[in-house]
Amino acid sequence: MGEGRPTVAETLRALNEALGRPAALWVKESGARNLRHRDFLAPRAALSAAFPCGQVPPEAVSAVSSLRGSAVLPLGVCRQTPAGLAVQVRRPEAFQRLLGPLPDPAPPAAGARTGCVVLHCPALRSPAALRPRHLRSVLLADHLAQLLRAQGVDVRLVPALSEERSCDVLRQLRIYWPSGSGGSSLTDAVSALKAALGRCPCAAACEHGPGAAEGVICKVHLKSFVEQQGLLGYDPNLDVLFVTEGTLQSLAELQEAVLQCPVSDPMALPASCFPSQSSCCSIVHVVNCEEEFQQQQLDVLWRILDPGAHTALQKHLVCGPVKVTNPSSSIGAEQYFQLRKRQMYEASVMKYGELAQDEAWTEVIDTLTAAAIRFEMLSTAHRSQITLNLENNSISTKGTKSGAFVMYNCARLATLFNAFQRAVEQGTYPPLPPASELSFSCLREEGEWLLLFNYLLPFPEVLRQAAQLPLPSKGIRITANTETVCKFLIQLSMDFSSYYNRVHILGEPFPHLFDQMFARLQLLGAVRDVFHSALATLHLPPLSQI
């Protein structure tokens, strides 16, 4: 929300400091029932552990309501309740601060540099047609790249797609992956790696004769290197790797991406990436579980041939299996997209009647299909298995946990604001005044506070958390909260839909009703902006009709 806007994290920090204890005692409420009585709670059990007999000093309790700060929510009186210490936000003031004019963004500091992350997706090297399991890791890497860029991180995507490898399904899913041939610099990098192989004590020549593997340059003993270096987290079955020209090509592409990273200062890498590491950039291999062993082989070979700090920063983000039912798991990614597209069209016909066969509706169906597949692949934690049910009735525009439902609610907002704009042009309503002139004290409906407190307020922190790539305590695997944005959008859509179905926004054109209508439009305009920003991390354009 920008500098000077309240945040959940800063408000919780101030609340904990007011009680004078290092422990995190306060929690933010999110359920509609509890939000009727309180917004933050220090639970009785936590207070009992932090204070003798759970008795908080009166001066600490009174200090809560006097908390101030540009990033701290305006707080009301702190009360002792059976559940613990409870405090409510002064809501009209919170609406004003969160929905008021946005401050101008601070200019970037002179010489400031962003961090750099190389995202490597081996599925795109597969010579065979992409399958849903490949698609999962590609979609995850694409989404993670967008999340990191939103945090100011420079992202390099590897491998570059060749012209013949660039497939239609990636374009249909709005995956904007780089393409190119590499050129002479890549050829030079491969030659340098071959030279390094010749000097490598772990490498040995291969026998040439009947039965010898075609195209193999040499073999490298990986297991001995892993044991000598004390590397943790690798498959114990790693042993001998037969190195081919393709193997070196893969490493050369990774090296080229590292060299293109603009940062050489490890302190320039934001906390959302790998902290406390001395390297020009971080490398994340985004792989499905079936590719993990092969990628570990490539990882160790790169460490052997290029023992620089960047190769020590290699981490593996592993996707769980994708189980396909009805038909069998042999379906390709292109078939999967076309099947979902046909199902989405049929479901839309059932909901809206026969659709016009024009370019506008074709674009709507394509976008709904891309949304359905992205949410199907990304709303589950990346470590967990996904089961794709491809039966004819397995997709719907009515379910509340699908990409289509999210896009539908985004389109409802577009329809609302288009209707308001037409009414303004016809003279039915005056134009929406500036936010500084609005009175938010008339926003008393439960759903209005729910939208502000659970979605508008924490949204920037949701994006930051989704982009975090925490270092594991040991080993090479990392986890990321790549399901966060999809789950956030689904929950936002459910709460917005409930509010929108219950509350009439554009009322009768009576002047005494304008204050409330304008305040609600300002709130929903901010909700629309959150929808658009979140969908942008999924490469999904907002729909203006549905």
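Since the model is a prediction, treat every value here as computed from it, not as a measurement.

Student: Describe unusual backbone geometry, listing the residues and the values that go with them.
Tutor: The linkage connecting Val-158 with the following residue, Pro-159, adopts the cis geometry, with an omega of 5 degrees. Within the secondary structure, Pro-159 is located in the loop between strand E6 (154-158) and helix H7 (168-172). With a phi close to 60 degrees, Cys-53 is a non-glycine residue in the positive phi region. In this fold, Cys-53 is placed in the loop between helix H3 (44-50) and helix H4 (58-65). Judged by relative accessible area, Cys-53 falls into the exposed class, the value being 74%.

Student: Go over the sheet that holds strand E1 (residues 27-28), please, and point to the residues and values.
Tutor: Spatial strand order, E1-E2-E4-E3: four strands in an open sheet with antiparallel pairing. Each having just a single partner strand, E1 and strand E3 (75-81) make up the two edges of the open sheet. Relative to strand E2 (residues 40-43), E1 runs antiparallel, the two being bridged by two bridges. Residue pairing for E2: Lys-28 is matched across the bridge by Phe-40.

Student: Describe in detail the state of the cysteines, supporting the description with residues and values.
Tutor: Across all of its chains, the model carries one disulfide by this definition. Shown here is the disulfide that connects Cys-116 with Cys-261, its sulfur atoms set 2.2 Å apart. A torsion of -50 degrees about the S-S bond marks the disulfide between Cys-116 and Cys-261 as left-handed. Highlighted residues: Cys-116 in strand E5 (residues 116-120) and Cys-261 in the loop between helix H10 (245-260) and strand E10 (282-288), separated in sequence by 145 residues.

Student: Can you explain the confidence of the model for the protein chain? Please cite residues and give values.
Tutor: Looking at the protein chain, pLDDT values average 87 and 88% of them are 70 or higher. Taken together, the stretch residues 264-279 has pLDDT below 50 and engages in 41 contacts with residues farther than four places along the chain or on a different chain.

Student: Account for the pattern of salt bridges, naming residues and giving values.
Tutor: If the charged atoms of two oppositely charged side chains come close together, the side chains can form a pair. Within this structure, the stated rule accounts for 21 salt bridges. A salt bridge links Arg-90 to Glu-93; the shortest N-O distance between them is 3.1 Å. Judged by its relative accessible area of 29%, Arg-90 is partly exposed. Judged by its relative accessible area of 34%, Glu-93 falls in the partly exposed class. Between Asp-142 and Arg-374 there is a salt bridge, and its shortest N-O distance comes to 2.9 Å. Taken as a pair, Asp-142 in helix H6 (residues 132-150) and Arg-374 in helix H14 (residues 359-378) lie far apart in primary sequence, 232 residues in all. The same class applies to Asp-142 and to Arg-374, which are both buried. Bridged by salt links that share partners, the residues Glu-10, Arg-13 and Glu-17 form one connected network.

Student: If you had to explain the packing of H14 against helix H18 (residues 484-502) to someone new, which residues and values would you point to?
Tutor: Relative orientation of the contacting elements H14 and H18 amounts to 120 degrees, with a least axis distance of 9 Å. Along this stretch, H14 crosses H18, giving a crossing that reads as left-handed. Across the interface between the two elements, Arg-374, Phe-375 and Leu-378 from H14 touch Cys-486, Leu-489 and Ile-490 from H18. By residue class, the composition of the contact of H14 with H18 is five nonpolar, no polar and one charged.

Student: Explain helix H1 (residues 8-18) residue by residue, including any values.
Tutor: All buried positions along H1 are accounted for by Val-8, Thr-11, Leu-12, Ala-14, Leu-15, Asn-16 and Ala-18. Considering only its buried residues, H1 is in contact with E1, E2, H4, E3, strand E4 (84-89) and helix H17 (459-466). Looking at where H1 begins, the residue whose side-chain oxygen comes 3.1 Å from the main-chain nitrogen of Glu-10 is Thr-7. Gly-20, located one to two residues past H1, shows a positive phi value of around 70 degrees.

Student: Before we move on, could you go through the sheet that holds strand E7 (residues 203-204) and cite the residues and values that matter?
Tutor: Strand order across the open sheet formed by three strands is E7-E8-E9, with antiparallel pairing between neighbours. Each edge of the sheet is formed by a strand with only one pairing partner; in this case those strands are E7 and strand E9 (240-244). Sheet analysis places strand E8 (residues 216-221) next to E9, joined by five bridges and oriented antiparallel. Bridge assignment links His-221 to a residue of E9, and that residue is Val-240. Sheet strands touched by helix H9 (residues 222-229): E8 and E9. Its angle to E8, the strand with the most contacts, is close to 35 degrees. Strands in contact with helix H11 (residues 292-305) are E8 and E9; relative to E9, the strand with the most contacts, it is inclined by about 80 degrees.

Parameters at a glance
Residues numbered from 1 in each chain as written. Predicted model: local features only at pLDDT ≥ 70, side-chain atom pairs only at ≥ 80, totals over all residues. Heavy atoms only, no water. Helix = DSSP H or I, 4+ residues; strand = E, 2+ residues; numbered from the N terminus. Buried < 20%, exposed > 50% of the residue type's maximum accessible area, 1.4 Å probe, protein only. Pairing = 2+ DSSP bridges. Disulfide = S-S within 2.5 Å. pLDDT = per-residue confidence, 0-100. Contact = heavy atoms within 4.5 Å. Salt bridge = Lys/Arg side-chain N within 4 Å of Asp/Glu carboxyl O. Axes fitted to C-alpha atoms, helices over the stretch in contact; angles between N-to-C directions. Left-handed = near helix turned anticlockwise from the far one by under 90°. Nonpolar A, V, L, I, M, F, W, Y, C, P; charged D, E, K, R; others polar. Polar contact = N/O pair within 3.5 Å; in protein donor to acceptor, adjacent residues only side chain to side chain.

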